Amino acid sequence: QVQLVESGGGLVQAGGSLRLSCAASGRTFSNYAMGWFRQAPGKEREFVAAITSSGGSTYYANSVKGRFTISRDNAKNTMYLQMNSLKPEDTAVYYCAANQFTDVLFRFWFSTEGRYAFWGQGTQVTVSS
């Protein structure tokens, strides 16, 4: 199985940028499709972005499209979320998630948190106005 650890969260002004990292243990990172989710206080966890195991396809929530970029470096067992033009509405705990989806199944399930088997502990992102 895989263990995930997020890092890179913090406090940033509106319009600023942060890059989140998700470091994975194990030797089979390249077999896992990955996603980022976030949860603000009093709200349900929501999908942010996802990427196939090879990095060949990416998916984004409409709320972050054009501002966030998901990527991965399989040689480093690490996934990233580059967040630009941050807004106060982006304030949340951000979670890294993974599962051994096939690319075909991932097209259906990439935004559904219940379909991910492994989760990190989360990292806080706070955007001030």
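Scroll up to find the structure this text is about.
Because the structure is a prediction, the values reported are computed rather than measured. (Residues numbered from 1 in each chain as written. Predicted model: local features only at pLDDT ≥ 70, side-chain atom pairs only at ≥ 80, totals over all residues. Heavy atoms only, no water.)

I keep staring at the overall build of the chain and nothing clicks. Help me out?
Helix and strand counts for the chain stand at one helix and eleven strands. Secondary structure elements of the chain, listed N to C terminal, follow the sequence β-β-β-β-β-β-β-β-β-α-β-β. Seen through its C-alpha atoms, the chain measures out along the principal axes to roughly 40 × 25 × 25 Å. The 129 residues of the chain split such that 45% are buried. Sequence separation of at least 24 residues holds for 60% of the intrachain contacts in the chain that already meet a minimum separation of 6. Carbon together with sulfur atoms contributes 46% to the accessible area of the chain, which is approximately 6700 Å² in total. A gap of 5 Å separates the mean positions of the 12 positive and 8 negative side-chain charges of the chain. (Helix = DSSP H or I, 4+ residues; strand = E, 2+ residues; numbered from the N terminus. Buried < 20%, exposed > 50% of the residue type's maximum accessible area, 1.4 Å probe, protein only. Contact = heavy atoms within 4.5 Å. Areas by Shrake-Rupley, 256 points an atom, 1.4 Å probe, with all protein chains shown as cover. Lys, Arg positive; Asp, Glu negative; His and termini not counted. Charge placed at Lys NZ, Arg CZ, Asp CG, Glu CD.)

Is there a simple way to think about the pairing of strand β1 (residues 4-7) in this case?
On any regular strand, side chains alternate: one points to one face of the sheet, the next to the other face. Residues Leu 4 and Glu 6 point to one face of β1 and are all buried, whereas Val 5 and Ser 7, pointing to the other face, are not buried. One ladder, built from four bridges, connects β1 with strand β3 (residues 18-24); its direction is antiparallel. The residue bridging Val 5 from the neighbouring strand is Ala 23, located in β3. (Pairing = 2+ DSSP bridges.)

When you look at the packing of aromatic side chains in this model, what are you seeing that I'm missing?
Two measures describe an aromatic ring pair: the distance that separates the ring centres and the angle between the ring planes. Summed over the entire model, instances satisfying the criterion amount to twelve aromatic pairs. On the numbers, 5.9 Å between centres and 75° between planes, the contact of Tyr 32 with Phe 118 is edge-to-face. Taken together, the residues Tyr 32 in the loop between β3 and β4 (33-39) and Phe 118 in strand β10 (residues 118-119) connect sequence positions 86 residues apart. Taken individually, Tyr 32 and Phe 118 each receive the classification buried, so the pair is uniform in this respect. Arranged with centres 4.1 Å apart and planes meeting at 15°, the rings of Tyr 59 and Phe 110 form a pair that is stacked. In this pair, Tyr 59 is assigned in strand β6 (residues 58-60) and Phe 110 in the loop between α1 (103-109) and β10, connecting sequence segments 51 residues apart. By relative accessible area, Tyr 59 is classed as buried at 18%. Classification of Phe 110 by relative accessible area gives buried; the value is 17%. Linked through ring pairs, Phe 37, Phe 47, Tyr 59, Phe 101, Phe 106, Phe 110, Tyr 116 and Trp 119 together constitute an aromatic cluster. Here the guanidinium or amino end of Arg 72 rests over the ring plane of Phe 29, the centre of that ring lying 4.4 Å away. (Phe/Tyr/Trp six-rings, centres within 6.5 Å; stacked < 30°, edge-to-face > 60°. Lys NZ or Arg CZ within 6 Å of the ring centre and 35° of its normal.)

Which parts of the structure should I look at to understand the pattern of salt bridges?
Note on pairing: side chains with opposite charge can pair once their charged atoms come close. Across all of its chains, the model carries three salt bridges by this definition. Note that Arg 38 is salt-bridged to Asp 90, the shortest N-O span being 2.9 Å. Of the two residues, Arg 38 is situated in strand β4 and Asp 90 in the loop between β8 (78-83) and β9 (92-99); the sequence distance between them amounts to 52 residues. Since its relative accessible area comes to 5%, Arg 38 is described here as buried. One salt bridge in this structure joins Arg 67 and Asp 90, with 2.8 Å as the shortest N-O distance. Highlighted residues: Arg 67 in the loop between β6 and β7 (68-73) and Asp 90 in the loop between β8 and β9, separated in sequence by 23 residues. Of the residues examined, Arg 67 reaches a relative accessible area of 11% and is grouped as buried. What makes Asp 90 buried here is its relative accessible area of 1%. What you see here is one network of salt bridges that share partners, running through Arg 38, Glu 46, Arg 67 and Asp 90. (Salt bridge = Lys/Arg side-chain N within 4 Å of Asp/Glu carboxyl O.)

Explanation requested: the nonpolar core in the structure shown.
General note: in soluble globular proteins, nonpolar side chains tend to be found buried as a group. Leu 4, Met 34, Trp 36, Met 79, Leu 81, Met 83 and Tyr 94 are the most contacted members of the largest nonpolar core, which has 40 residues in total. For this core, the secondary structure elements donating two or more residues are β3, β4, β5 (46-51), β7, β8, β9 and β11 (123-128). (Core = buried A, V, L, I, M, F, W, Y, C linked by side-chain atoms within 4.5 Å.)

Honestly, that's just the spatial picture; any functional story needs more than this.
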